[in-house]
Amino acid sequence: QQPVQSPQAVILREGEDAVINCSSSKALYSVHWYRQKHGEAPVFLMILLKGGEQKGHDKISASFNEKKQQSSLYLTASQLSYSGTYFCGTETPDKLIFGTGTRLQVFP
Amino acid sequence: EAQVTQNPRYLITVTGKKLTVTCSQNMNHEYMSWYRQDPGLGLRQIYYSMNVEVTDKGDVPEGYKVSRKEKRNFPLILESPSPNQTSLYFCASSSNRGRQPQHFGDGTRLSIL
């Protein structure tokens, strides 16, 4: 079963912050985050391997709560280049499954 | 340059005409997979392969076949395509399913009339 992402869509002005959540009904080994620009392939952002782990990439960071089977992606001081669709991928004992995506649009 | 190459990039064909979408990676990755992307449904896994001669079904395998005879290649076969297989397809590879990044190809847009 696909992980659930929320919100489905976000509209921001440059400089604003956003949080994207990813929730799974199954125990997770790891969580991936990817960004996809329109018409392009998904591009890797980060992987979180441990419960409670946090990672950062420029002004984009993420957390992974293993007990709650949830991960959140934090986008700080958003830039126009952050626009795109964000996918989480959750690794269970069986598979790596991607969520339905969160569409983020940043306007000047 | 490390890459995943898919061919063709675009294809318009008719119902029932067998087609193959090729996927090749030059990174010596063990794990390869195929996804289809449809509006509002995200990336859904069709098939995956943990290594040569090892393949398994993903979430939406009906109507598709795959093979993994060589480590670098993982073709997707539609033996009798139907209009509901019109979609954007991505191949991905990784050295490890969950602990390393997935590298995606540029995608193949299939239209089945």
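The structure this text deals with has already been given above.
Given the structure is predicted, the values throughout are model-derived calculations rather than measurements.

Chemist: What exactly am I supposed to notice about the environment of A:R13 here?
Modeler: Residue and element names in this part refer to chain A. For R13, the location among the structural elements is in strand 2 (residues 9–13). Residues R13 and L80, spaced 67 residues apart in sequence, show a C-alpha to C-alpha distance of 8.6 Å. In contact with R13, other than residues within four places in its own chain, are S78, V106, F107 and P108.

Chemist: How should I be thinking about the interface of chain B and chain A in this particular structure?
Modeler: Note on interface size: it is often stated as the accessible area lost on association of the parts. Each side of the interface is counted separately: chain B has 23 residues, and chain A has 23 residues. In total, chain B and chain A occlude about 1,800 Å² of area from one another, counting both sides; carbon and sulfur atoms represent 53% of this. The largest per-residue losses of area from chain B upon contact with chain A belong to B:L43, B:R97 and B:R99, which jointly make up 31% of the total buried on that side. One can count 1 salt bridge joining chain B with chain A.

Chemist: Can you walk me through the pattern of salt bridges in this structure?
Modeler: Oppositely charged side chains may form a pair once their charged atoms are brought near each other. Residues and elements named next belong to chain B. Per the counting criterion, the structure on display carries 5 salt bridges over all chains. Between R44 and D38 there is a salt bridge, and its shortest N-O distance comes to 2.8 Å. The residues R44 and D38 share a single accessibility class, namely buried. The residue E79 makes a salt bridge to K65 at a minimum N-O spacing of 3.0 Å. With E79 in the loop between strand 8 (76–78) and strand 9 (87–94) and K65 in strand 7 (residues 65–66), the pair connects residues that are 14 residues apart, well separated along the chain. Owing to a relative accessible area of 42%, K65 belongs among the partly exposed residues under this scheme. The structure contains a network of salt bridges with shared partners spanning R36, D38 and R44.

Chemist: How should I be thinking about the state of the cysteines in this particular structure?
Modeler: Covalent bonding between the sulfur atoms of two cysteines is what defines a disulfide. Evaluated as defined, the whole model comprises 2 disulfides over all chains. The disulfide bridge from A:C22 ends at A:C88, spanning 2.0 Å between sulfur atoms. Here A:C22 and A:C88 share a disulfide; its torsion about the S-S bond, 70°, makes the bridge right-handed. Here A:C22 is found in strand 3 (residues 18–23), whereas its partner A:C88 is found in strand 9 (residues 84–91), with 66 residues between them in sequence. The class for A:C22 is buried, based on a relative accessible area of 3%. With a sulfur-sulfur separation of 1.9 Å, B:C23 is cross-linked through a disulfide to B:C91. Of note, the bridge from B:C23 to B:C91 carries an S-S torsion of about -70° and is left-handed in sense. Highlighted residues: B:C23 in strand 3 (residues 19–25) and B:C91 in strand 9, separated in sequence by 68 residues. Considered together, B:C23 and B:C91 belong to a single accessibility category, that of buried residues.

Rules and cut-offs
Residues numbered from 1 in each chain as written. Chains lettered and ligands numbered in written order. Predicted model: local features only at pLDDT ≥ 70, side-chain atom pairs only at ≥ 80, totals over all residues. Heavy atoms only, no water. Helix = DSSP H or I, 4+ residues; strand = E, 2+ residues; numbered from the N terminus. Contact = heavy atoms within 4.5 Å. Buried area = accessible area lost by both parts, 1.4 Å probe. Salt bridge = Lys/Arg side-chain N within 4 Å of Asp/Glu carboxyl O. Buried < 20%, exposed > 50% of the residue type's maximum accessible area, 1.4 Å probe, protein only. Disulfide = S-S within 2.5 Å.

Any functional reading would require information beyond the geometric quantities listed.
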